[in-house]
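Survey of secondary and tertiary structure
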2 protein chains.
Amino acid sequence: MPPSVPATAIQLQSLVRSDETVQLSLETVEVPDPGPTEVLVRVEATPINPSDLGLLLAGADVAAAVVSGPPDWPVVTAPLPAAAMRAMAGRVGVPMPVGNEGAGTVVAAGSSPAAQALLGKTVAAAGGAMYAQYRCVDVTLCLELPDGTRAVDGASSFVNPMTALGMVETMRLENHSALVHTAAASNLGQMLVRVCTEEKIPLVNIVRRPEQVDLLRSLGAVYVVNSATPDFMADLTAALKETSATLAFDATGGGRLTSQILACMEAAASAAAGSYSRYGSTVHKQVYIYGSLDRGPTELTRNFGMAWGIGGWLLTPFLQRIGLDGIVRLRNRVAAGLTTTFASGYTDQVSLPGALALDAVAAYSRQATGQKYLIIPNR
Amino acid sequence: MPPSVPATAIQLQSLVRSDETVQLSLETVEVPDPGPTEVLVRVEATPINPSDLGLLLAGADVAAAVVSGPPDWPVVTAPLPAAAMRAMAGRVGVPMPVGNEGAGTVVAAGSSPAAQALLGKTVAAAGGAMYAQYRCVDVTLCLELPDGTRAVDGASSFVNPMTALGMVETMRLENHSALVHTAAASNLGQMLVRVCTEEKIPLVNIVRRPEQVDLLRSLGAVYVVNSATPDFMADLTAALKETSATLAFDATGGGRLTSQILACMEAAASAAAGSYSRYGSTVHKQVYIYGSLDRGPTELTRNFGMAWGIGGWLLTPFLQRIGLDGIVRLRNRVAAGLTTTFASGYTDQVSLPGALALDAVAAYSRQATGQKYLIIPNR
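Bear in mind the structure is a predicted one, so any value in this text is a computation, not a measurement.

Quick look at the interface of chain B and chain A
Tallying the contact residues gives 33 residues for chain B and 33 residues for chain A. Between chain B and chain A lies a buried interface of about 2700 Å² when both sides are counted; carbon and sulfur atoms form 59% of it. The interface formed by chain B and chain A contains 0 salt bridges. One can count 13 residue pairs in polar contact (both at pLDDT 80 or more) joining chain B with chain A.

Brief notes about the relation of the copies chain B and chain A
Rotating chain B by 180 degrees and translating it 0.1 Å along the rotation axis places it on chain A, where the RMSD comes to 0.1 Å. Taken together, the rotation and translation relating the two chain copies correspond to the operation of a two-fold axis. Taken together, the interface assignments show that 100% of the residues at the interface of chain B recur at the interface of chain A, consistent with an identical surface on both copies.

Quick look at the confidence of the model for chain A
In low-pLDDT segments, the atomic positions of the prediction should not be examined closely. Taken residue by residue, chain A gives an average pLDDT of 94. The fraction at 70 or more is 98%. Two numbers describe this predicted complex: its pTM, 0.89, and its ipTM, 0.87.

Thoughts on the pattern of salt bridges
In this structure the tally under the stated criterion is 22 salt bridges over all chains. With its nearest N and O atoms 2.8 Å apart, the salt bridge here joins A:Arg321 to A:Glu174. One end of the pair, A:Arg321, is in helix α10 (residues 315–336); the other, A:Glu174, is in the loop between α5 (159–173) and β11 (179–182), and 147 residues separate them in sequence. Its relative accessible area of 46% is what places A:Arg321 among the partly exposed residues. Here A:Glu174 falls in the partly exposed class, since its relative accessible area comes to 22%. Salt-bridge contacts for B:Glu199 lead to B:Arg333; the nearest nitrogen and oxygen are separated by 2.6 Å. On the criterion of sequence distance, the pair formed by B:Glu199 in helix α6 (residues 187–199) and B:Arg333 in helix α10 (residues 315–336) is long-range, its members being 134 residues apart.

A closer look at the sheet that holds strand β17 (residues 294–300) of chain B
Overall, mixed pairing links the 4 strands, which are arranged β15(A)-β17(A)-β17(B)-β15(B) in an open sheet. Pairing within the sheet leaves two strands with one partner each, and these edge strands are β15 (253–255) of chain A together with β15 (253–255) of chain B. With strand direction ignored, the average angle separating the axes of adjacent strands in the sheet is 55 degrees.

Describing the sheet that holds strand β6 (residues 96–97) of chain A
Residues and elements named next belong to chain A. Taken together, the 5 strands give an open sheet; going across it, the order is β4-β5-β2-β1-β6, and neighbouring strands pair in antiparallel fashion. Here the strands that pair on one side only, and so sit at the sheet edges, are β4 (66–68) and β6. With 10 bridges connecting them, strand β1 (residues 8–17) and strand β2 (residues 21–30) associate as antiparallel partners. Paired with Gln 13 across the strands is Ser 25, a residue of β2. Sitting on the sheet, helix α1 (residues 50–57) is in contact with β1, β2 and β6, with an inclination near 95 degrees to β2.

Focus: the side chain of B:Arg331
Residue and element names in this part refer to chain B. The residue Arg 331 is located in helix α10 in this model. Buried Arg 331, no salt bridge; nearest opposite-charge side chain is Asp 138, N-O distance 8.8 Å. Ignoring any residue separated from it by four or fewer positions in sequence, one finds Arg 331 in contact with Thr 140, Leu 141, Cys 142, Leu 143, Phe 158 and Met 162.

Looking at the pairing of β1(A)
Residues and elements named next belong to chain A. Within β1, 7 of the 10 residues are buried, leaving the element largely enclosed by the surrounding structure. Between the antiparallel neighbours β1 and β2 lie 3 residues, among them Glu 20 with a positive phi of about 65 degrees. Both β1 and β6 contribute to a ladder of 2 bridges, which runs antiparallel. Bridged to Ser 14 within β6 is Met 96.

Digging into the packing of aromatic side chains
All told, the structure shown has 10 aromatic pairs over all chains when counted by the stated rule. Taken together, the ring pairs connect A:Phe249, A:Tyr288, A:Trp313 and A:Phe318 into an aromatic cluster.

A word on unusual backbone geometry
All names here are of chain B. Positioned with a positive phi, Ser 244 is a non-glycine residue whose angle comes to about 55 degrees. Following the sequence through the fold, Ser 244 ends up in the loop between α8 (232–243) and β14 (247–250). On the basis of relative accessible area, Ser 244 is assigned to the partly exposed category, the value being 45%.

What to know about the state of the cysteines
Residue and element names in this part refer to chain A. If you walk through the whole model with that rule in mind, you get 0 disulfides over all chains. Counting only cysteine sulfurs, Cys 264 is the nearest neighbor of Cys 196, a cysteine outside any disulfide, at a range of 19 Å. Take Cys 196: its relative accessible area is 2%, and that puts it in the buried class.

Here we look at the packing of α5(A) against α10(A)
Residues and elements named next belong to chain A. Between α5 and α10, the shortest axis-to-axis distance is 10 Å and the interhelical angle comes to 110 degrees. The pairing of α5 with α10 is recorded here as roughly perpendicular in orientation. The two elements α5 and α10 cross, and the hand of that crossing is right-handed. The segment α5 lies against α10, with Val 159, Pro 161, Met 162, Thr 163, Leu 165, Gly 166, Glu 169, Thr 170 and Leu 173 engaging Leu 315, Phe 318, Leu 319, Arg 321, Ile 322, Ile 327, Arg 329, Leu 330, Arg 331, Arg 333 and Val 334. Its residues placed into classes, the contact of α5 with α10 shows 12 nonpolar, 3 polar and 5 charged.

Side note on helix α11 (residues 358–365) of chain B
Residues and elements named next belong to chain B. What α11 keeps buried is the set Ala 360, Val 361, Ala 363 and Tyr 364. Taken down its axis, α11 places every buried residue within 165 degrees of arc, on the same side. Along its buried surface, α11 packs onto β3 (38–48), α1 (50–57) and β20 (373–375). Downstream of α11 by a residue or two, Gln 367 has a phi angle that is positive, lying close to 50 degrees.

Analysis parameters
Residues numbered from 1 in each chain as written. Chains lettered and ligands numbered in written order. Predicted model: local features only at pLDDT ≥ 70, side-chain atom pairs only at ≥ 80, totals over all residues. Heavy atoms only, no water. Contact = heavy atoms within 4.5 Å. Buried area = accessible area lost by both parts, 1.4 Å probe. Salt bridge = Lys/Arg side-chain N within 4 Å of Asp/Glu carboxyl O. Polar contact = N/O pair within 3.5 Å; in protein donor to acceptor, adjacent residues only side chain to side chain. Least-squares fit on C-alpha atoms with pLDDT ≥ 70 in both. pLDDT = per-residue confidence, 0-100. Helix = DSSP H or I, 4+ residues; strand = E, 2+ residues; numbered from the N terminus. Buried < 20%, exposed > 50% of the residue type's maximum accessible area, 1.4 Å probe, protein only. Pairing = 2+ DSSP bridges. Axes fitted to C-alpha atoms, helices over the stretch in contact; angles between N-to-C directions. Lys, Arg positive; Asp, Glu negative; His and termini not counted. Phe/Tyr/Trp six-rings, centres within 6.5 Å; stacked < 30°, edge-to-face > 60°. Disulfide = S-S within 2.5 Å. Parallel < 35°, antiparallel > 145°, perpendicular 65-115°, else oblique. Left-handed = near helix turned anticlockwise from the far one by under 90°. Nonpolar A, V, L, I, M, F, W, Y, C, P; charged D, E, K, R; others polar. Arc of directions from axis to C-beta.

This is the structure:
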């Protein structure tokens, strides 16, 4: 018997205000009745991913944030720099619920057989607005978790697992045979190491600290290079010669890393070609920027010939590209490996008010590798 | 009756030397007998295109160039900066002939019917090594010019016309409906204005000087914006809203222009979409960098959502992409419009020794819009 459902519940909201601030608050909202193809999920665990921060923080200056209200009902207010304010013009005055994914128990279901089948089950959902005690979502956005799976273990079933698999699928779709990944010690990076090991895909991991080299090697990673060392370019070129990787996914975005990867790919390709070509090698080299850990400008030196491309990469358009069949295939694979290949680790668990404590906001806004927050909304 | 063929003739060569200089000189080389499918062309006109300068100058510091030898047999020597020297490692000690394209008379032909058919004809050829008195090329690299066409009018039959048509073809292949072009007052840019006018393709021209705005308007260009004015971003966004252009070809490469174009495309797309999206518009925005008038780094602000791409664009891979049928179709179109749509203008005509005069080298190395050199090798 599912627990009884309250009439109202708490939801975290982000509001860009015309006074050039962003306000994070908890709001009491009505709990909706599910439509025929919907289920109502009691959200029991929902992670704070880097991909949530754009909507949550709106580019605010977190260092200047202040909090008001009691500890169990905090309101965070932070100033928005002028450039962020321009970019957020479309959001002014519109409270936005936040949270790409989470997991919990289905406590009410619509009339359709697919919805009814999930009643009482533990599901993961990628519905958005998951930083809430209850969330009503269409069944197509739900993944039924294997019997006995805890919500905590299913909370990150979509964004990181599908992104890791999406990188591998993109590699195949675009005729590459190996991968480069930056910020490779992240939860996502560790997942990618496990996926690539299972599929015997050569993976060049780029990290920034020696302990991250050790961590990835302990997971079985073969190629790990540290961008903070003087030998970085030579080490990366050597790994690219061995792996022939011509596709990279870069989570940092800003700075020179994308350009350095392309330059090393070109050096590896030119060494393989042997002779001088005035326009560089004919091997196509591609970097997708899928994050923005460094929000500064991307600087391209263009010392990598003419056969190159850079672009943004997002999970949603990728999923549209592979279609429903592809999505189902990847989801089933994730469900089978939630506590192994696709396991996520969290350093901190917080309640909804706890997610608005200033020290927590400061911590997750840094997107520090190895530090990851999980919200337990009904705590 | 074709003119008699000498045993030796003059060829311009570029040599990167281990002492970190580049040397431009004239060399006497043997005139080869054409193979069965080849023709020997007496080169009568060959342009100095921006795309020739990489091979010719090898990144040398032209301002520090010196000349030795008599005026009719000059040797130019210029220092190579360290970065250029590293990039040119594969060329050290190997003299390179230069010149992507040109036109002239077929004075000898191989035994194949296709070769024999060209004997005595005026042809354009995209064979490389055209800065020479004679050049032996395969017939597949030749375009027979319409009867009565002068070699001077056919000298630029390939690079600029095929690039202009390649931009339009790429637009269609990649599902865009309008174009943006930078350095738009160039010979190529003027050609693109005429092609787009004929095909009713909306074209946004970006130039840097008011007189270039006037020039393009006099050719019938509808959208011309000046990147040197304070209103540039607003003007460009307005033109992009009207044209819905989501594909740009950028000849400058370095600096912020590519980023500015993407930002204005995003502003236009967001205005059309109406509502806020956290990852920006879903409209894919693409810039191809096909030149490097600004050799500095490309700086991307990444304030244009996630649906974007940047890449290098080169004529040769594009031609491979459209295949022989496509190439023949475009070539025939060029041949029919050599003195109209695809006409080129030259500000200076020089002999082979004249191309090595220091003032000429300084002038064409600047790639100034509206200034173009034509070499007359048998002068």
